[in-house]
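Fold and contact review
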Amino acid sequence: MKRHSLFAVLFMLASLVNAGGLLTNTNQSAQYIRMLSRNASTDIDAVYFNPAGIIKLGDGWHFAAYSQTILQKKPVDSAFPLLNDGYYDGVVNIPVFPTAFAVYKMDKWAVSLGVGPSAGGGSAVYENGLPSFEIPLAKLGYGLQNVAPMLAPFQIPAATGYNADLSFEGSSVFWGIQLGATYAVSEYFSVYGGVRLLPAKNTYYGTIKDIQINTADQPIDAEVYLVLAKPVFDQTIALLDNSSQGLQAAIEGGLVEGSAPVSNPQLIAVLGSMGQTGLTNQQAVGFMNATSNSLKTINNADVADKKVDTQQTGFGYTPMVGINISPVENIDIALKYEMKTSMTLTNNTTVDDIGLFPDGSTSQNDIPALLAAGIGFRSDLIEAQLSYNMYFNKGVGWGPNTRDLSIWKDRDPSQIRTREIEKNGMEVALGLQFNVHKNFAFSVGGMYGDQGIAESYQSDFSFSNPSVTGGAGIEWKITRALTLDAGISNTFYQDQTVTFDDPDIGLYTETYSKSTLNLAVGLSYRIF
């Protein structure tokens, strides 16, 4: 177990995906949380959802500010058979998720500004680490249990398991600063052009410490235990290698038959001490080679405390265009296209005990293009919006599967799968607003989303599940110029069970779950 294997290559973008694509946050207003469908909005939040539609606002200044509180659970349930406990609780708590918009509209022109977390915005905490952290330790503990008989004559207590203090926290926020202009080509048709600037920051902090080998009497520090066992392992490795090489040479030289039972008394005694009897010569060669390799892995295990403390920063920009068509007074048809965002992140590393984040090195972190379409209907009594988003996830490289990388990097790199996308991601949503009073309305909405990922994409550090979301809320026009919006939404994700292949254990499964609760409130104000 080498240093890279212990922590593995685990620290991927720990972004919160509340509503939107694999990286994109579309939960940018309280109106969205209460309706879940805003792609044809002509209110102040159209700055984000339908920027060509802000031409429908009245002349003057318009401002809005929102805050969301987001509570997300991301448990991982691993069936890897050697773990102490395969259930890992992941929690994302975001007390404040702020968004703000500003518009100045005059005649046929409008200029707009929007600020909010376009990707990320949260901090994921796994107090007990993740399976990818613990699996190498579980293998070490299991390996030591298997070799207990050869340690017993040397008064080294038998291992009964392992223990360690594991933790990980990853945070990510890509601030979106959107600037643009809208022009009314005619009474029925308006266009928009703009750009979103994205300063980005990821922060990763993780530790593996206090690794212990459990025994019947008391836990023993893993480094101390391996120091005690090393002379025994060295002697046994030499004996196995010499015996294996000699027997293989005898088979190849025709001195013994590979399919015949082992007849050498000394070799029978060696194999018997390890609980192996009745082997053929060729089986004995295989067993001795495998046992020697296992002992070498244990002997070279790096069980010292590990720590990573690093930040990644970068900058990108997203050009975007939009149109809004109003064939009749109370219907709006909107389209918006956000181009792919190219982004390079640079490491600013304080501590890197695993050598995965060299200070100053770079990595690519592109955001897929987005096509958003919507149709909205307004009347005195009801407002209805139907929205559709397509995320061009297939146009972005997502790198290797992190679990495969941790398992196979030092064994067989050809087994490392690339995280694949089967089809581009999509969301479809319907929102209804009921105007029960000229100053008060309530709304409901529903949304279905599926990012089209293949099983090879999924790992404990980065997974995406199809989801259904329900939302509801209110709009209260406190005065002619001041409006309060408030909403609540809950996202229900389908559990995803995926299969991994481990070179030592074979096939096993893990189940990834997620649930998200979002509370939002905001104020919009107009200066005539």
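That block above? That's the structure.
So, here's what we can say about the structure. These numbers were taken from a predicted model, which means no experiment stands behind them. (Residues numbered from 1 in each chain as written. Predicted model: local features only at pLDDT ≥ 70, side-chain atom pairs only at ≥ 80, totals over all residues. Heavy atoms only, no water.)

**A short note on the overall build of the protein**
Scanning the protein from terminus to terminus reveals nine helices and 21 strands. For the protein, the spread of C-alpha atoms along the principal axes amounts to about 100 × 45 × 40 Å. For the protein, buried positions account for 52% of its 528 residues. Across the protein, every contact between residues at least 6 apart in sequence was considered, and the portion connecting residues at least 24 apart equals 73%. A total of about 22,200 Å² of accessible surface is found on the protein, and carbon and sulfur atoms cover 57% of it. (Helix = DSSP H or I, 4+ residues; strand = E, 2+ residues; numbered from the N terminus. Buried < 20%, exposed > 50% of the residue type's maximum accessible area, 1.4 Å probe, protein only. Contact = heavy atoms within 4.5 Å. Areas by Shrake-Rupley, 256 points an atom, 1.4 Å probe, with all protein chains shown as cover.)

**Concerning the sheet that holds strand E20 (residues 506-512)**
Read from one edge to the other, the open sheet built from four strands follows the order E3-E2-E20-E19, with strand pairing classed as antiparallel. The strands lining the two open edges of the sheet, one partner per strand, are strand E3 (87-88) and strand E19 (496-502). Bridge count for strand E2 (residues 76-78) against E3 is two bridges, and the pairing is antiparallel. Bridge pairing in E3 places Asp77 opposite Tyr87. (Pairing = 2+ DSSP bridges.)

**A closer look at helix H6 (residues 222-252)**
Along H6, the sharpest change in direction is near 45° and occurs at Ala229; proline Pro231 comes one to four residues later. The opening residue of H6, the one whose side-chain oxygen lies 3.0 Å from the backbone nitrogen of Glu223, is Asp221. Positive backbone phi, at 80°, marks Gly254, one or two positions downstream of H6. (Bend = angle between axes of the 7 residues up to and from the residue. Polar contact = N/O pair within 3.5 Å; in protein donor to acceptor, adjacent residues only side chain to side chain.)

**Details of the pattern of salt bridges**
Scanning the entire structure with this criterion turns up 21 salt bridges. A salt bridge links Lys139 to Asp504; its shortest N-O distance comes to 3.0 Å. A residue pair is termed long-range when its members are at least 10 positions apart, and Lys139 in helix H4 (residues 131-146) and Asp504 in the loop between E19 and E20 qualify at 365 residues. Taking relative accessible area as the criterion, Lys139 reaches 22% and is therefore assigned partly exposed. (Salt bridge = Lys/Arg side-chain N within 4 Å of Asp/Glu carboxyl O.)

**Here we look at the pairing of strand E10 (residues 331-338)**
The two faces of E10 differ: Asp332, Ala334, Lys336 and Glu338 on one face are buried, but Ile331, Ile333, Leu335 and Tyr337 on the other face are not. The sheet contact formed by strand E9 (residues 306-325) and E10 spans six bridges and is antiparallel. Within E10, the residue paired with Ile325 across the bridge is Ile333. Hairpin remark: E9 followed by E10, antiparallel, with five residues in the connecting loop. Both E10 and strand E13 (residues 370-378) contribute to a ladder of eight bridges, which runs antiparallel. When the sheet's bridge partners are listed, Tyr337 is paired in E13 with Leu371.

**Comments concerning the side chain of Lys105**
In this structure, Lys105 sits in strand E4 (residues 91-106). At 3.2 Å, the side chain of Lys105 forms a polar contact with the backbone oxygen of Asp107. Among all residues touching Lys105, those that are not within four sequence positions of it are Ile55, Leu57, Gly58, Asp59, Gly60 and Ala110.

**Considering the side chain of Thr349**
With respect to the helices and strands, Thr349 occurs in strand E11 (residues 344-352). With a relative accessible area of 14%, Thr349 lands in the buried category. Within the structure, Thr349 has its side chain in polar contact with the side chain of Thr310 (distance 2.8 Å). In contact with Thr349, other than residues within four places in its own chain, are Asp309, Thr310, Phe357, Pro358 and Asp359.

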